[in-house]
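Secondary and tertiary structure notes
The residues making up each chain are set out below.
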Amino acid sequence: MTLSFKNKTLPLLAIIGASFLAAPVAAQEKTEFNVAWSIYVGWMPWGYAEDTGIVDRWADQYGITINVTQFNDYVESINQYTAGAYDAVTVTNMDALSIPAAGGVDTTAVIVGDFSAGNDAVFLKGGESIADIVGRPVNLVEFSVSHYLLARALDSVGLSERDVNVINTADPDMVGAFQTADVTAMVTWNPMVAEIAMLPDAVQVFDSSMIPGEIIDLMVANTEVLDANPDFGRALAGIWYETVTLMTSDTPEGAEARAAMGAASGTDQAGFEAQMAATELFADPAAAVAFTASADLADTMNLVRAFLFDKGLLTPTATSDNAIGIELPGGTVLGDADNIKLRFTTDYMQMAADGAL
Amino acid sequence: MRLINQRLSPPALLALKLAPFVLLIVAYLAGSAARLTDNPADKLLPALSSMATAIDLMAFTPDRRTGEYLLWTDTAASLQRLGAGLGISTALALVLGIAIGIFPAIRALLGPFVGFVAMVPPLALLPVLFIMLGLGEISKIALIVIGIAPIMIRDMAQRVLDLPREQIVKAETLSANSWLVVWRVVLPQVLPRLIVSLRLQLGAAFLFLIAAEAISSDSGLGYRIFLVRRYLSMDIIFPYVAWITFLAAMADYGLDRLRRWLFPWSEMEVGK
């Protein structure tokens, strides 16, 4: 009885297990695509485009279907993309390298949307400059762009992370946490930065405008899916530039779009415009192309991969920051050319600039 | 023969006991192999070998930054919080539970209140706790206490109320006063139940511990899981989950042995 039980059941179970657990994205032509995005000033256009039919219009133009899904949890949206449930996701340049690329998912940055120029900031209580952070506990989301900003801020005055004590704190609790007595230093991003800046004892000692162009917000897509379906990339670029042109225009329609995006991100038109001021948004595709093709991007990605390697985030077995290859426009490769997992391309943004969509 | 009267041979019994575990492992290995064939760097269902590497890195290699062995510092931090939370809850349950169960005035004063507080979802209180008690250890321990103490108090009080009235009347006819009844009649009968109650709350206590550590911390088992979740390191998360399960199972077993050792008479009650 025991033997027959095992003989029959195990192979059967292996088949069931394989069929249930393995559902990787197949790299072939398809017509339905899933896009994930989360609430952040530079990504609100995706939600607005979905709500106002811009997404469907561009999808129809290329004869495809694009499902746009909002995630309340940013990290979960990236994890879902990495697991293969989504074809594209909104992500920062650093997280694109540490999560999908380090997870072996070849990822291409289709759109370089903006970079943070004040949306991320370091706050102190009772201090005047970043050097006063020495010896304090610092509340931040560990391994996020906040952590990177802290490393850059400490570096700017010759300090290192050994001089502070990092405490991992969930982002929804930042504003409340800052008002408790044992929190004296914090690194976070908008909309929390705007809230904390209004508190009486908060002193903003460093922000992302001091490292311009290093924290970049992207729309990335699975490279295999994109290569097999370039129309998906074209549609994404079409959606993006139509929406940001609208949202940055000084017209009643533009104001309405900003008000709607403000409401969707828990603030109003004025609050949203304040966040936009701290964001270097590339409404002009030619500017995005110039930024992506410039040599500065290589310097930024070198800093980012050195930071990630130092924190052990470039795969646990990485022996140097060259473990993962990053391909830049023009074919330059940073790191391992045999293991390229993150690619920057200007192709789709260039088509938008040329009016070729 | 009817199914309910079936007698299983020892090998069959063993096979049935092991079957769910084997099924789970085989299903995992099959899924993992399938995903790894497709993408050798897949993080979702890592191979056992990468989990072994991760365990070695977390448990037996000093951390590059701090020089500490992360698994052990995490375990120590978590067990301290858990121990404090369980200890306070158990003391509260013992004192308040018996008082509510035996003294009508205290029952009137606290019974409905504790019943009401027990219905507050503790995780919903978490943001309030962090503001009021800060982000340090106190708020984490407080969450565990708020989560499990009311239920343990109610359980204790109900056990006291369930004691046969005749026993208490009998003690009174032997001229015992209230305190002596508590000491000689109530306490010996409800103490074993206190340990059982504690065992049943272990799972909930771990839940609240991990929830609190996920919000703000710099060490702990829950902290580590939520930290590495950020870059999808299932090779660390799976061993940590297994370790937490093992710790909880050991605590459960240990508490049961403790009950039998401290209160041998409680075994005689089984199946009465």
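Residues numbered from 1 in each chain as written. Chains lettered and ligands numbered in written order. Predicted model: local features only at pLDDT ≥ 70, side-chain atom pairs only at ≥ 80, totals over all residues. Heavy atoms only, no water.

1. Brief notes about the environment of Tyr81 of chain A
All names here are of chain A. Position of Tyr81 relative to the elements: it lies in helix H4 (residues 74–83). A sequence separation of 47 residues divides Tyr81 from Asn34, and the C-alpha atoms of the two residues are 9.3 Å apart. Those residues in contact with Tyr81 that sit more than four places away from it in its chain are Tyr86, Asp87, Ala88, Val89, Pro100, Val105, Asp106, Thr107, Val220, Ala221 and Asn222. A polar side-chain atom of Tyr81 sits 3.0 Å from a polar atom in the side chain of Thr107. (Helix = DSSP H or I, 4+ residues; strand = E, 2+ residues; numbered from the N terminus. Contact = heavy atoms within 4.5 Å. Polar contact = N/O pair within 3.5 Å; in protein donor to acceptor, adjacent residues only side chain to side chain.)

2. Notes on the packing of helix H2 (residues 48–59) of chain B against helix H10 (residues 234–262) of chain B
All names here are of chain B. Interaxial distance between H2 and H10 falls to 8 Å at its minimum, and their mutual angle equals 75 degrees. The angle between H2 and H10 falls in the class roughly perpendicular. Residues Ser50, Met51, Ala54, Ile55 and Met58 of H2 touch H10, and the partners they reach there are Asp235, Ile236, Phe238, Pro239 and Tyr240. Residues that form the contact of H2 with H10 fall into these classes: eight nonpolar, one polar and one charged. (Axes fitted to C-alpha atoms, helices over the stretch in contact; angles between N-to-C directions. Parallel < 35°, antiparallel > 145°, perpendicular 65-115°, else oblique. Nonpolar A, V, L, I, M, F, W, Y, C, P; charged D, E, K, R; others polar.)

3. Some remarks on the domain arrangement of chain A
Residues and elements named next belong to chain A. Here chain A is described as being made up of domain 1 (32–115 + 214–353) and domain 2 (120–210). One C-alpha centre belongs to domain 1, the other to domain 2; they are set 26 Å apart. Across the boundary between the two partners, domain 1 contributes 14 residues, which contact 13 residues of domain 2. Carbon and sulfur atoms make up 69% of the surface buried where domain 1 meets domain 2, a total of about 1,200 Å² over both sides. When the buried surface of domain 1 facing domain 2 is broken down by residue, Ile215, Phe307 and Lys311 rank first, second and third, together holding 39% of it. At the surface where domain 1 touches domain 2, the tally comes to two salt bridges. With a shortest N-O distance of 2.7 Å, Glu214 and Arg152 are connected by a salt bridge. Summed over the shared surface of domain 1 and domain 2, the number is three residue pairs in polar contact (both at pLDDT 80 or more). In terms of residue count, helix H14 (residues 296–310) provides more of the side of domain 1 that touches domain 2 than any other element does, four residues in total. (Domains from an automatic or database assignment. Buried area = accessible area lost by both parts, 1.4 Å probe. Salt bridge = Lys/Arg side-chain N within 4 Å of Asp/Glu carboxyl O.)

4. A word on the pattern of salt bridges
Pairing between side chains of opposite charge can happen when the charged atoms of each approach one another. For the structure on display, the rule yields 22 salt bridges over all chains. With its nearest N and O atoms 2.5 Å apart, the salt bridge here joins Asp231 of chain A to Arg234 of chain A. Separated by three residues within a single helix, Asp231 of chain A and Arg234 of chain A lie in helix H10 (residues 230–248), roughly one turn from each other. The shortest N-O distance in the salt bridge between Asp74 of chain B and Arg224 of chain B comes to 2.7 Å. With Asp74 of chain B in helix H3 (residues 70–102) and Arg224 of chain B in helix H9 (residues 221–228), this residue pair connects regions lying 150 residues apart in the sequence. The exposure classification of Asp74 of chain B matches that of Arg224 of chain B, with both residues buried. The network of salt bridges with shared partners includes Arg199, Asp252, Asp256, Arg259 and Arg260 of chain B. (Buried < 20%, exposed > 50% of the residue type's maximum accessible area, 1.4 Å probe, protein only.)

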